[in-house]
Amino acid sequence: MTELATRAQAFGLIAEGVSSGLTAPWRLYLARGCRYLSLSVGDRAEWNAWRTHLGCPELSVRVYDAGGEIRRSSVAEVVLDGCRISVELVEEVSTDDLDRLLVADPTTIEPEER
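Small disclaimer: the values here were computed from a predicted structure and weren't measured.

Engineer: Is there a simple way to explain the sheet that holds strand 1 (residues 27–30) in this structure?
Structural biologist: Strands belonging to one sheet form pairs held by backbone hydrogen bonds; the direction of such a pair is parallel or antiparallel. The strand order 1-2-5-4-3 describes an open sheet built from 5 strands, whose pairing is mixed. Edge positions in the sheet fall to strand 1 and strand 3 (58–66), since each has one partner strand and no second. Shown here is a sheet whose adjacent strand axes are inclined to one another by a mean of 20°, direction ignored. By the bridge criterion, 6 bridges tie strand 2 (residues 36–41) to strand 5 (residues 83–93) in an arrangement that is parallel. Residue pairing in the sheet places L39 in a bridge with V87 of strand 5. The strands that helix 1 (residues 7–19) touches are strand 1, strand 2, strand 4 (69–80) and strand 5; relative to strand 1, the one it contacts most, it runs at about 155°. Against the sheet, helix 2 (residues 44–54) makes contact with strand 2, strand 3, strand 4 and strand 5, and its axis sits at roughly 165° relative to strand 5, the strand it touches most.

Put into structure tokens, the structure is as follows:
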């Protein structure tokens, strides 16, 4: 899909991913005018699958305190025909696992680094 000019095309992009075997996002936000589409997924495997499916080259990680809970937000983004698409994963982490907070993809930490 190269153009996301309509809501139907944006939802079609998600339907295409689900029909190819990806888990449906637990939250989907499509901004008015189809210039921003946001998917929220439940775990790192889903996040990796969706960002691969969409070809998201931009990755960002944010760690923040949410009322005593430490959370890590991983966001992958791509722009298709002027529509910014983001896939977000929010995970609760603990101070016991600080190594996970310092790398973009915690699954790539070598065993001796843990």
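Picking up after the structure, the text goes on.
Engineer: Sorry if this is basic, but what is going on with helix 2 here?
Structural biologist: An α-helical turn contains 3.6 residues, so any two residues separated by three or four positions project in the same direction. Of all the positions in helix 2, only R44, E46, W47, N48, W50, R51 and L54 are classed as buried. Residues of helix 2 that are buried in the fold lie against helix 1, strand 2, strand 3, strand 4 and strand 5. Its side-chain oxygen placed 3.2 Å from the backbone nitrogen of A45, D43 serves as the N-cap of helix 2.

Engineer: What's the story with the confidence of the model for the chain in this structure? I'm lost.
Structural biologist: As a note on interpretation, predicted positions should not be read in detail where pLDDT is low. When pLDDT is averaged along the chain, the result is 82; 78% of the residues meet or exceed 70. Mean pLDDT across the elements of the chain ranges from a minimum in helix 3 (residues 98–101), with 61, to a maximum in helix 2, with 94.

Engineer: Would you explain the pairing of strand 3 in this entry?
Structural biologist: Moving residue by residue along a regular strand, the side chains alternate between the two faces of the sheet. Pairing between strand 3 and strand 4: 9 bridges, direction antiparallel. Residue pairing in the sheet places L59 in a bridge with A76 of strand 4. What sits between the antiparallel neighbours strand 3 and strand 4 is a turn of 2 residues, in which G67 has the positive phi angle 65°.

Engineer: Sorry if this is basic, but what is going on with the pattern of salt bridges here?
Structural biologist: Where side chains of opposite charge bring their charged atoms close, a pairing between them can arise. Applying the stated criterion across every chain, the model contains 4 salt bridges. Residues E92 and R71 are paired through a salt bridge, measuring 3.7 Å at the closest nitrogen-oxygen approach. One end of the pair, E92, is in strand 5; the other, R71, is in strand 4, and 21 residues separate them in sequence. Judged by relative accessible area, which is 26%, R71 ranks as partly exposed. Residue E91 is joined to R72 by a salt bridge in which the shortest nitrogen-to-oxygen separation is 3.6 Å. Note that E91 is positioned in strand 5 and R72 in strand 4, a separation of 19 residues in sequence. Residues joined by salt bridges that share partners form a network here, namely R44, R72 and E91.

Conventions and cut-offs
- Every chain's residues receive numbers from 1 upward, in the order its sequence appears when written.
- Totals for whole chains, interfaces and linings use every residue, but because this is a predicted model, local features are given only for residues with pLDDT of at least 70 and side-chain atom pairs only at 80 or more, for both listing and counting.
- Calculated side-chain values reflect all of the structure's heavy atoms, with hydrogen atoms and water omitted.
- Should DSSP find at least two bridges between two strands, the strands are regarded as paired.
- Helix and strand assignments come from DSSP, with helices taken as H or I runs of at least 4 residues and strands as E runs of at least 2, each series counted from the N terminus.
- Whenever a helix is involved, its axis is fitted only over the stretch in contact; in every case the axis is a line through C-alpha atoms, and angles between N-to-C directions fall within 0 to 180 degrees.
- Whether two residues are in contact is decided by their heavy atoms, any of which lying within 4.5 Å being enough.
- Each residue's exposure class comes from its accessible area (1.4 Å probe, protein chains only) as a fraction of the maximum for that residue type: buried when under 20%, exposed when over 50%, partly exposed otherwise.
- Polar contacts here mean pairs of N or O atoms no more than 3.5 Å apart (in protein, one a potential hydrogen donor and the other a potential acceptor; neighbouring residues in sequence count only if both atoms are side-chain atoms).
- pLDDT measures the predictor's confidence residue by residue and takes values from 0 up to 100.
- In what follows, salt bridge is the name for a side-chain nitrogen of Lys or Arg lying within 4 Å of a carboxyl oxygen of Asp or Glu.

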